[in-house]
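Coordinate analysis (summary)
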Amino acid sequence: NHHQTDFVNMSVMQLIAAAYGSSLHYLPAKRSGPTDITLLETGQHLIVQEAHHRAITALGRGLVGVASSDDGREIIKHHKQPQYGLQWHPELSHTI
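Worth saying up front: this structure is predicted, and the values here are computed from it rather than measured. (Residues numbered from 1 in each chain as written. Predicted model: local features only at pLDDT ≥ 70, side-chain atom pairs only at ≥ 80, totals over all residues. Heavy atoms only, no water.)

1. Here's the deal with the overall build of the protein chain
The helix and strand inventory of the protein chain stands at one helix and five strands. Buried positions account for 36% of the 96 residues belonging to the protein chain. Total accessible area computed for the protein chain in this model is approximately 5600 Å², and 55% of it derives from carbon and sulfur atoms. (Helix = DSSP H or I, 4+ residues; strand = E, 2+ residues; numbered from the N terminus. Buried < 20%, exposed > 50% of the residue type's maximum accessible area, 1.4 Å probe, protein only. Areas by Shrake-Rupley, 256 points an atom, 1.4 Å probe, with all protein chains shown as cover.)

Here it is as structure tokens:
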């Protein structure tokens, strides 16, 4: 898939995911605005602000999902290294 090596405009999370061999795909349309994510360990729902056009569909070696949405993984972490990635934008003031 040529999208996995298209590093232009990738988020840090997508770069981490690609480095570990995760599968990324382009969404039919860019996602922008509030979205509901679910913390996988607790089932808690959060409304966060997203702005992206790619999603992680399968995690690569050593990565685990922390939260997901209808589009795919929203928070990932490495199972041993102190590496985390967010697909959404906590820096935006309208993220709840």
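2. Overview of the side chain of S68
Locating S68 in the fold gives a position in strand β3 (residues 63–69). In this view, S68 contacts D36, I37, T38, L40, R73 and E74; residues no more than four positions away in its chain are not counted. (Contact = heavy atoms within 4.5 Å.)

3. A few points about the layout of surface pockets
Roughly 220 Å³ of internal volume is contained in the largest pocket. Together, 15 residues line the largest pocket, and S11, A51, H52, Q87 and H89 are the ones closest to its centre. When contributions to the lining of the largest pocket are tallied by element, the ones reaching two or more residues are α1 (12–19) and β2 (45–58). Looking at the lining of the largest pocket element by element, the count peaks at four residues for β2. Each residue belonging to the lining of the largest pocket can be placed in one class, and the counts come to six nonpolar, seven polar and two charged. (1 Å grid on protein atoms, 1.4 Å probe; cavity = no way out; pocket = protein on both sides within 12 Å on 5 of 7 lines; lining within 4 Å. Points joined across faces, edges and corners; volume = space filled by probe spheres on them. Nonpolar A, V, L, I, M, F, W, Y, C, P; charged D, E, K, R; others polar.)

4. Considerations on the sheet that holds β2
The five strands lie next to each other as β2-β1-β3-β4-β5, forming an open sheet whose pairing is antiparallel. Looking at strand neighbours, the two that pair on one side only are β2 and β5 (84–86), the edges of this open sheet. Recorded for the sheet is a direction-independent mean angle of 35° between the axes of neighbouring strands. With twelve bridges joining them, strand β1 (residues 23–39) and β2 adopt antiparallel strand pairing. The partner of T35 across the bridge, within β2, is V48. The strands that α1 touches are β1, β2, β3, β4 (72–78) and β5; relative to β4, the one it contacts most, it runs at about 65°. (Pairing = 2+ DSSP bridges. Axes fitted to C-alpha atoms, helices over the stretch in contact; angles between N-to-C directions.)

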